[in-house]
Amino acid sequence: MSQWAKVQQSPNIFRQMQQYYPPHFPMEVRYFLCQWIEEQQWDQIDESNHQYAELILNDMLTLLRQKAEELTSQEFFIIRMKLEESVQKLDSIVKTNPMEMVQVIKNCLAMEQKIIEQAEQTTQQQQLNQDLPASDQQGTNEKIMNAIHELLQKTKVTENDSKNLQHKQESFIIRFSDCQRFTGQLQQLSQMPNSQEKINKEAQLRQQKEQIDFQLAQMAQEILHLRVALSKKYEVTIVHLQELQKEILDNELISWKRRQQLAGNGLVMDSTSIDTLQNWCENLADLIWQNRQQIKKSTQLQQQLPIKFPDGEEDILPRLNDTITGLLSSLVTSTFIVEHQPPQVLKKDARFGAVVRLLVGGKLNVHMNPPQVKATIISENQAKDLLRNDVKAKNDTSGDILNNTGIMEFQPGNGQLSISFRNMQLKKIKRADKKGSEAVTEEKFCILFQSEFSVGGNELVFQVWTLSLPVVVTVHGNQECNATATVLWDNAFAEPGRIPFNVPDQVDWSHLADQLNMKFMSHTGKGLSATNLSYIASKLFGNKDSSMVSWTQFNKDTLSGRSFTFWEWFYAIQKLTKEHLKDLWNDEAIIGFVSKNQAQDWLSNRPMGTFLLRFSDSEIGGITIAWTGERQEVWNLAPFTSKDFHIRGLADRIKDLNSLVYLYPNKPKDSVFSKYYTSTVEPVINDGYIRANLKTTLPDHLTTSGEMERQPFSPETVYDMNPNSVQNMDELPMTPDMSRGLAEMDLNHLTEFLPDDIGIPEIDVQQLLVNSYIDSRVVMD
């Protein structure tokens, strides 16, 4: 970016500079001749080349007159008059004291540079302060920002060296033209008749030519030396650019992608980290682009004035140009990323979204011609072909996605160039042949995002693409559990740079435990304790002494004596807790992960009515209540599941059961659960009907003294149909036969007593009653 462009870009800098431009050199002159003024070597003009100063200033006046004549429109009348007035003032100064005018221009340019540098340092410091979190990441941020600052200084040095080299080369060309002029004069003299005057003139010209030839030889050596020195500086800068790019792309960006992958398992990401990455990448892109332009300029200078390199010296500019162009290409393609991933369990025909971002788009002005992005779904094998640089792979697809194309949008406020796909829909999926016993929920796909754009006025064209995290496509809700297992395992144990989508078949339990804890915490708000994880490990290993868990053990083999896998058991508990027990879990009212035998040991020496809540071993997605009976025996209520809690919450069920007094070890139950009790419903509503109440009870012989029967009974849900009735139904000793009889009553009559807010649409009343009265059991351990 030119110096004047930086002045114009900042209103603050522009306002500061107005006071430094004198009336005879107003900012209008600087504006209209901005490029020409910056191309001149003002620092090289001193009293020794007075005539050269006058020549340059006369060229400036000529350009100003031309510019004034071009402003013929009436709307530019005032500006044209201003320029013509400036030409008159400048013309008089140039004729009397051209060095004074040169000094004025030097001062203005120097002041511009000083103010710009101060503003850039302030901006960099603000960015640095903003990007540095108060964590261990601060050291990395400081390291990268320091490296960027050092490279900025190196780039400024080489830019000044390049300008100096250009000036030297221009001086050489001028001297060379003088030499040619003397050569031409000597040729003319050789054709004239011999005379003393001719001899004297010829001797004088030859002497002058020899002096110029000597000067040219010295200047050529100096230019060659400057070229070699400048090339070596570029080489050093490129080495540092490579190191910085490796740190940003291979370490920080890969680390961000890894955290994004773990976020699929519940990791909480810092939302500002992607903006910090963009800041680094934009600074890096700017540095690479500036150095590439300088190398191109040096190459052009060498072509304008070819000077043979001495033996042993190599022209390294072509190699440096290839290297830095490769750096730019790698930076652009690597920073085309998926900012927000599509859902990794992707249901066919469901709408889904994703956000794709180019971290260097704003800095390289890609937004001036916004590129189009296309999304397609590809299989695992197609992803492998793509990474093998198979040209055909970019056109492969494994399904059809609606609304899969769009134009990237630029946000000037934050400099982001991105596209948000909001309404994509997978309409068709083509599955691969099964591998052995592999289920469809183990088959992985991904979303491929592709685009093409150019930079530098179509000088460089980039074809970019990026892959989403693996997705598992389902067609029914009952596939979600196993699909989630595939995604969790892949997110947890995928390694950077892997072949898509390879994951280890066996992992250490401690690593899996971390992921289960992270997943459970993200869904419920509270993680798993060491005691919880120890019990969970016992579900996986049983009595086996092992620390390695295989994928088959995790989600293919059923648990001993059960019809479900470990993951199905864990997933159902997680889902139940998230949907119905989240508050109680966070309040530590639920012990949850404890075996039946361990619960019995804990309760066997506690006072009667002490109870605890644990997740069922036998009922998938169930939670049971274990409590101490009158004779220190431990009873276990048949597990409640999600369908039970749609009818009546766990806290209200605990409130109903008077046999439950203390939450283990000794907390009065009301002190723990009262805040979760629902309020009593008014018995009479607007239509005059009496509202029925649901209540959980135990059989009478479990709530009275005397010998307990060994026959299992269920908790009974009874309906208080008439509060004024002499014989309420909850006072009757309900037997299984009576329960079945009640369930077979006239449904039209019975539904009058069901609450309107029962919360289940199209409820099967008969099945509900049968389940409530008959299916659940109380068993004595």
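Now for a description of the structure that goes with this document. (Residues numbered from 1 in each chain as written. Predicted model: local features only at pLDDT ≥ 70, side-chain atom pairs only at ≥ 80, totals over all residues. Heavy atoms only, no water.)

1. Considerations on the packing of aromatic side chains
Stated precisely, the cut-off is as follows: A pair of aromatic rings is counted whenever rings of Phe, Tyr or Trp (Trp by its six-membered ring) have centres within 6.5 Å, and the orientation is called stacked for planes under 30 degrees apart, edge-to-face for over 60 and tilted otherwise. Look at NZ for Lys and CZ for Arg. If either is within 6 Å of the ring centre and within 35 degrees of the ring normal, a charge sits over the ring.
Scanning the entire structure with this criterion turns up 29 aromatic pairs. Taking the centre distance of 6.0 Å and the plane angle of 45° together, the rings of F640 and F645 count as tilted. The aromatic ring of W585 is capped on one face by K526, whose charged end is 4.2 Å from the ring centroid. Against the face of W569 rests K539, its NZ or CZ located 4.9 Å from the ring centre.

2. Section: the pairing of strand β10 (residues 460-467)
We apply this condition: Pairs of strands are assigned from DSSP output, requiring at least two bridges between the strands. Strands here mean DSSP runs of E at least two residues long; helices mean DSSP runs of H or I at least four residues long; both are numbered from the N terminus.
Judged from the 8 bridges that link them, strand β9 (residues 445-455) and β10 form a sheet pairing that is antiparallel. Counted as the bridge partner of L448 is L467 from β10. Hairpin connection, β9 to β10: the antiparallel pair is bridged by 4 residues, and G456 has positive phi, about 65°.

3. Some words on unusual backbone geometry
Of all residues except glycine, most have a negative phi; of all peptide bonds, most are trans. Along the chain, P500 connects to F501 via a cis peptide bond; the corresponding omega equals -20°. Within the secondary structure, F501 is located in the loop between α13 (480-493) and β12 (506-508). Cis rather than trans, the peptide bond between Y664 and P665 has omega equal to 10°. Tracing the chain through its elements places P665 in the loop between β17 (662-663) and β18 (667-668). For N403, which is not glycine, the phi torsion reads 55° and is therefore positive. The topology assignment puts N403 in the loop between β5 (399-402) and β6 (405-407).

4. Quick notes on the sheet that holds β10
What holds strands together in a sheet is hydrogen bonding between their backbones, with the strands either parallel or antiparallel. Under the convention used in this document: Lines are fitted to the C-alpha atoms to define the axes, a helix being fitted only along its stretch in contact, and any angle between axes, read from their N-to-C directions, falls within 0 to 180 degrees. Between two residues, a contact is recorded if the distance between any of their heavy atoms is within 4.5 Å.
Strands sit in the order β6-β4-β9-β10 across an open sheet of 4 strands; the sheet is antiparallel. The sheet is open, and its two edges are formed by β6 and β10, each paired on a single side. Across this sheet, the average inter-strand angle for adjacent strands is 25°, counted without regard to direction. Across 7 bridges, the pairing between strand β4 (residues 372-379) and β9 is antiparallel. Following the sheet pairing, I377 is matched in β9 by I447. Across the sheet, helix α11 (residues 317-334) lies against β9 and β10, angled at about 40° from β10, the strand it touches most.

5. Re the packing of helix α14 (residues 509-524) against helix α15 (residues 530-541)
Which entries qualify depends on this criterion: Here is the rule for angles: anything less than 35 degrees is roughly parallel, anything more than 145 is roughly antiparallel, 65 through 115 is roughly perpendicular, and the remaining ranges are oblique. Two helices that cross are described as forming a left-handed crossing if the nearer one is turned anticlockwise from the farther one by less than a right angle, and a right-handed crossing if clockwise. Charged means Asp, Glu, Lys or Arg here, nonpolar means Ala, Val, Leu, Ile, Met, Phe, Trp, Tyr, Cys or Pro, and polar covers whatever is left, Gly included.
Their axes nearest at 11 Å, the elements α14 and α15 cross at an angle of 120°. As judged from the angle between their axes, α14 and α15 are oblique. The element α14 and its partner α15 pack so that their crossing is right-handed. Each of W509, L512, A513 and L516 in α14 lies in contact with α15, whose residues at this interface are L533, I536, A537, L540 and F541. Partitioning the contact of α14 with α15 into residue classes produces 9 nonpolar, no polar and no charged.

6. Here we look at the pattern of salt bridges
Heads up, the condition is: For this analysis, a salt bridge means a side-chain nitrogen from Lys or Arg found within 4 Å of a carboxyl oxygen belonging to Asp or Glu. Any residue under 20% of the maximum accessible area for its type is buried, any over 50% is exposed, and the rest in between are partly exposed; the area is computed with a 1.4 Å probe on protein chains only.
Under the counting rule described, the total for this entry stands at 28 salt bridges. Of the charged contacts, one joins K444 and D490 as a salt bridge, the two residues approaching to 2.7 Å between their closest N and O atoms. Taken together, the positions of K444 in the loop between β8 (416-429) and β9 and D490 in helix α13 put the pair 46 residues apart, joining distant regions of the chain. Given a relative accessible area of 9%, K444 falls into the buried group. For R648, the salt bridge is made with D656, and the minimal N-O distance between the two is 2.8 Å. Exposure class is identical for R648 and D656. Each is buried. Salt bridges sharing common partners tie together R30, E38 and E112.

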